Each structure stands twice: as C-alpha cells, then as structure tokens.
Amino acid sequence: MILNSDQGIAVVGEAADGRQAVEAARAHAADVVLLDIQMPVLDGLSALPELRRAAPAARVIILTTFGERDNVLRALEYGGAGFLLKDTAPAELIGAVRAAAAGDAYLSPAATRHVVERLASGREAARAEEARGRVAALSEKECGVLALLGEGLSNADAGRRLHMSEATVKTYVSRILSKLGCENRVQAALLARDAGL
C-alpha cells in the first residue's frame, strides 16, 4: 500500500518466501526488490545472493525488524543496495526505493551507525594485520629504525638514539623503504604506526 501510494512506483510482484522472491525478481525484471530477512523456505540473507544472480540489474533493499550489525554487513556484502528497519516511516521507505532505483545505496540511520563503526574497526584491523606482515620481513635493527621513523625522528636523531652514525641510519632507511615497498619516509612512518611499532 505504501509503495502503491506513490505515482512513480509500480509494484510488479509479491512473494511469500525467499524462493518465490528470487523467481519473481527474475520473471518481472524488477528494478528494485524489497526483501525481508525473516521469510520461510529461504530467508532474505540466503536469498539475496541467488536473487543477485537471477536478476543482476535489480537493486535489493533488505527489510528487517532486527537492527543487528551482522545482518547489515552481510546484506551489503551480498550485494544489497540498502537496509531498512520495518518500522521505517512511509516517506523514508519511498525515498529508499527511489534512491535504489537511481543507483544509490540507502541505509537507515541505525544501520549507517553500525556500518560506520564496523568499517572503521575492520579497516584498522586489516591495515594493522597487513602492516605487521610487511614489517615481519625486516631484521630486528631495521624494525628499531622503522619504529623511530614512526615517531618522526630524523636520521640524525635516530642515530643518536640507536648509537649509530647518521650515514648508517640513512642506509637502514633506504633498505627499509626498499623491503617495505614504500616510496618515502612518511609511508614508512604510517606503516610503523599501523604495525604498532
């Protein structure tokens, strides 16, 4: 009823379960599909990848009563174009369908908060893991020099701290940049920070 109240939206099909939803999306060549997470036969999150294969042009918005972050992230990972809670206001639902039809993603404010938090923590964890893997190729002394680069020390200051000549530190820095695939000291310093040195 909500969607039919908007003159620019035509409801072309309905489905009672996830399996029917996949078939209906394929049969009607739907532009946008509203997919409930809680459905019999095949739940929404399980139906989503199948639906994306059956009707690749369809933009899928997931509807749920559960604002759990894992559902939000799985829906987006599986190719969902949006995520709404079922208690979303009618105007927001219509706006989400229009946004999806225009090729945009749409997340309810509650879902957006979960995604931002998870992406931030996930990105940091992935960056730290990658940095530690790259730094593992360095010797203990090279790690010591890299840690001081991460603190922003010059070659001269690092040399004084490590009881090395400035020229020796410069040689270490060149070797570190080469081993890590960094173009400059700033990249190496960021990598040191990400690796937790």
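(A) Expanded view of the overall build of the chain. Helix and strand content of the chain: 9 helices and 4 strands. Going residue by residue from the N terminus, the α and β elements of the chain occur as α-β-α-β-α-β-α-β-α-α-α-α-α. Against the globule reference of 16 Å for 197 residues, the chain gives a C-alpha radius of gyration of 26 Å, more extended than a compact globule. The principal-axis extent of the C-alpha atoms belonging to the chain is close to 75 × 30 × 25 Å. For the chain, the proportion of its 197 residues judged to be buried stands at 41%. On the chain, roughly 11000 Å² of surface is accessible, and the fraction owed to carbon and sulfur atoms is 52%. Of note, the chain has its 23 positive side-chain charges centred 8 Å away from the centre of its 25 negative side-chain charges.

(B) Highlighting the packing of helix H6 (residues 140-150) against helix H7 (residues 155-162). For the pair H6 and H7, interaxial distance at closest approach is 10 Å and the crossing angle is 130°. With respect to H7, the element H6 is oriented oblique. Crossing of H6 against H7: the hand is right-handed. Side by side, H6 and H7 meet where Gly 144, Val 145 and Leu 148 of the first sit next to Ala 158, Arg 161 and Leu 162 of the second. Its residues assigned to classes, the contact of H6 with H7 shows 4 nonpolar, 1 polar and 1 charged.

(C) Inspection of the packing of aromatic side chains at higher detail. By the definition in use, this model includes 0 aromatic pairs. Directly above the ring of Tyr 172 sits Arg 175, whose terminal nitrogen or CZ lies 5.1 Å from the centroid.

(D) Summary view of the environment of Glu 183. Secondary-structure assignment places Glu 183 in the loop between helix H8 (166-180) and helix H9 (185-195). Look at Glu 183 and you get exposed, because its relative accessible area is 70%. For Glu 183 and Ser 46, which are 137 residues apart along the polypeptide, the C-alpha to C-alpha distance reads 44 Å.

(E) How the structure looks around the side chain of Thr 64. Within the secondary structure layout, Thr 64 lies in strand E2 (residues 59-64). Given a relative accessible area of 0%, Thr 64 falls into the buried group.

(F) Up close: the layout of surface pockets. Volume-wise, the largest pocket comes out at about 930 Å³. Taken together, 33 residues make up the lining of the largest pocket; nearest its centre are Leu 3, Val 11, Gly 13, Val 32 and Leu 34. Broken down by secondary-structure element, the contributors of at least two residues to the lining of the largest pocket are helix H1 (18-28), strand E1 (32-36) and helix H4 (90-101). Here the residues of the lining of the largest pocket are counted per class, giving 23 nonpolar, 5 polar and 5 charged.

(G) Here's a closer look at H4. Between its first and last C-alpha atoms H4 spans 17 Å; for 12 residues at 1.5 Å apiece the expected length is 16 Å, and the two agree. Along H4, the residues that are buried comprise Leu 93, Ile 94, Ala 96, Val 97, Ala 99 and Ala 100. Along its buried surface, H4 packs onto E1, E2, strand E3 (82-85) and strand E4 (106-107).

(H) Representation of the environment of Thr 65 in the model. Note on placement: Thr 65 falls in the loop between E2 and helix H3 (69-77). Along the backbone, Thr 65 and Lys 86 are 21 residues apart, and their C-alpha atoms lie at a distance of 5.4 Å.

(I) Structural view of the sheet that holds E3. Spatial ordering of the open sheet is given by E1-E2-E3-E4, a layout of 4 strands whose pairing is parallel. Each edge of the open sheet is held by one strand with a lone partner, namely E1 and E4. As judged from the 4 bridges shared by E2 and E3, these two strands associate in the parallel manner. Across the sheet, Leu 63 pairs through a bridge with Leu 84, a residue of E3.

What counts, and at which threshold
Residues numbered from 1 in each chain as written. Predicted model: local features only at pLDDT ≥ 70, side-chain atom pairs only at ≥ 80, totals over all residues. Heavy atoms only, no water. Helix = DSSP H or I, 4+ residues; strand = E, 2+ residues; numbered from the N terminus. Rg over C-alpha atoms; globule rule 2.2 N^0.38 Å. Buried < 20%, exposed > 50% of the residue type's maximum accessible area, 1.4 Å probe, protein only. Areas by Shrake-Rupley, 256 points an atom, 1.4 Å probe, with all protein chains shown as cover. Lys, Arg positive; Asp, Glu negative; His and termini not counted. Charge placed at Lys NZ, Arg CZ, Asp CG, Glu CD. Axes fitted to C-alpha atoms, helices over the stretch in contact; angles between N-to-C directions. Parallel < 35°, antiparallel > 145°, perpendicular 65-115°, else oblique. Left-handed = near helix turned anticlockwise from the far one by under 90°. Contact = heavy atoms within 4.5 Å. Nonpolar A, V, L, I, M, F, W, Y, C, P; charged D, E, K, R; others polar. Phe/Tyr/Trp six-rings, centres within 6.5 Å; stacked < 30°, edge-to-face > 60°. Lys NZ or Arg CZ within 6 Å of the ring centre and 35° of its normal. 1 Å grid on protein atoms, 1.4 Å probe; cavity = no way out; pocket = protein on both sides within 12 Å on 5 of 7 lines; lining within 4 Å. Points joined across faces, edges and corners; volume = space filled by probe spheres on them. Expected span 1.5 Å × (residues − 1). Pairing = 2+ DSSP bridges.

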